[in-house]
Amino acid sequence: MDDTSNPKATKRRHKHTSDDDDDDEGDSEVWASFNSTFRLVQSVLDRNRNLIQQVNENHQSRIPDNMVKNVALIQELNGNISKVVSLYSDLSSNFSATYQQRNVNGSGNSNSSGRS
């Protein structure tokens, strides 16, 4: 199959020019920020998995003291969920701001449909 008939293969092609050097530097900063955020989100989700396991074990034990401990564990879970929502919200805002900034500066690579 010819690459020109594959829209994804065509979309990936990119001519590198000296004007792209600034974009590449900005891209690496953006990707580093995204990577950092995704790692933080993953660590919170991993913590939540552990908390849920502990809550389930405590619940199955039916020991009153363990049931009391679940209150704090569930509160931590709730806080962690809020933290993940906030991280994704910030990530979305940062992505939108970066995209808009590139369009304002004219450095975005847009095709005829207006998408990069």
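Reference entry: report on the structure contained in this document. Model, not experiment: these values are computed from the prediction.

1. Describing the overall build of the chain
Here comes step 1: Assigned secondary structure in the chain consists of 3 helices and 0 strands.
Here comes step 2: Walking the chain from its N terminus toward its C terminus, one meets helices and strands in the order α-α-α.
Here comes step 3: Taken across its 116 residues, the chain has 17% of its residues classed as buried.
Here comes step 4: Long-range contacts, defined as pairs at least 24 residues apart, comprise 52% of the intrachain contacts of the chain with a sequence gap of at least 6.

2. Overview of helix H3 (residues 64-105)
Here comes step 1: Relative to the 62 Å expected for 42 residues at 1.5 Å per residue, H3 spans 62 Å between its end C-alpha atoms, a close match to the ideal helical length.
Here comes step 2: Of all the residues in H3, the buried ones are Asn66, Asn70, Leu73, Leu77, Asn80, Val84, Leu87 and Leu91.
Here comes step 3: Among the residues trailing H3, glycine 106 stands out with phi positive, at a value near 75°.

3. Description of the environment of histidine 59
Here comes step 1: With respect to the helices and strands, the residue histidine 59 is situated in helix H2 (residues 20-61).
Here comes step 2: Of the residues examined, histidine 59 reaches a relative accessible area of 42% and is grouped as partly exposed.
Here comes step 3: Through-space distance from the C-alpha of histidine 59 to that of lysine 69 is 9.8 Å; in sequence the pair is 10 residues apart.

4. Focus on the packing of aromatic side chains
Here comes step 1: Under the defined criterion, the tally for this structure stands at 3 aromatic pairs.
Here comes step 2: A centroid spacing of 5.9 Å and a plane angle of 40° characterise the contact between phenylalanine 34 and phenylalanine 95, whose relative ring orientation is tilted. Taken together, the residues span a long stretch of sequence, with phenylalanine 34 in helix H2 and phenylalanine 95 in helix H3 at a distance of 61 residues.
Here comes step 3: Given a relative accessible area of 8%, phenylalanine 34 falls into the buried group.
Here comes step 4: In this structure an aromatic cluster arises from ring pairing among Trp31, Phe34 and Phe95.

5. Overview of the environment of leucine 87
Here comes step 1: Positionally, leucine 87 belongs in helix H3.
Here comes step 2: For leucine 87, a relative accessible area of 14% gives the class buried.
Here comes step 3: Taking C-alpha positions, leucine 87 is 8.6 Å from phenylalanine 38, a pair spaced 49 residues apart along the chain.
Here comes step 4: In this structure, leucine 87 is in contact with Thr37, Leu40 and Val41, ignoring residues within four places of it in sequence.

6. A closer look at unusual backbone geometry
Here comes step 1: Phi is positive for arginine 62, close to 55°, though the residue is something other than glycine.
Here comes step 2: Residue class for arginine 62 comes out exposed when judged on its relative accessible area of 64%.

7. Some words on the side chain of asparagine 58
Here comes step 1: Along the polypeptide, asparagine 58 turns up in helix H2.
Here comes step 2: Apart from the residues lying within four places of it in its own chain, the contact partners of asparagine 58 are Asn66, Met67, Lys69, Asn70 and Leu73.

Reading the values: rules and limits
Per-chain numbering applies: the sequence of each chain, read as written, is numbered from 1 onward. With pLDDT at 70 or above as the cut-off, local features in this predicted model cover only qualifying residues; side-chain atom pairs require 80 or more to be listed or tallied, and sums for whole chains, interfaces and linings still use all residues. Values shown for side chains rest on all heavy atoms present in the structure; no hydrogens or waters enter the calculation. In DSSP terms, a helix is any run of H or I states spanning at least four residues, a strand is any run of E spanning at least two, and both are numbered starting from the N terminus. Each residue's exposure class comes from its accessible area (1.4 Å probe, protein chains only) as a fraction of the maximum for that residue type: buried when under 20%, exposed when over 50%, partly exposed otherwise. In this analysis, two residues are considered to be in contact whenever any of their non-hydrogen atoms come within 4.5 Å of each other. By definition here, a helix of n residues has an expected span of 1.5 Å times n minus one. The rule is short: rings of Phe, Tyr and Trp, with Trp giving its six-membered ring, pair when the centres are within 6.5 Å, and they are stacked under 30 degrees, edge-to-face over 60, tilted in between.

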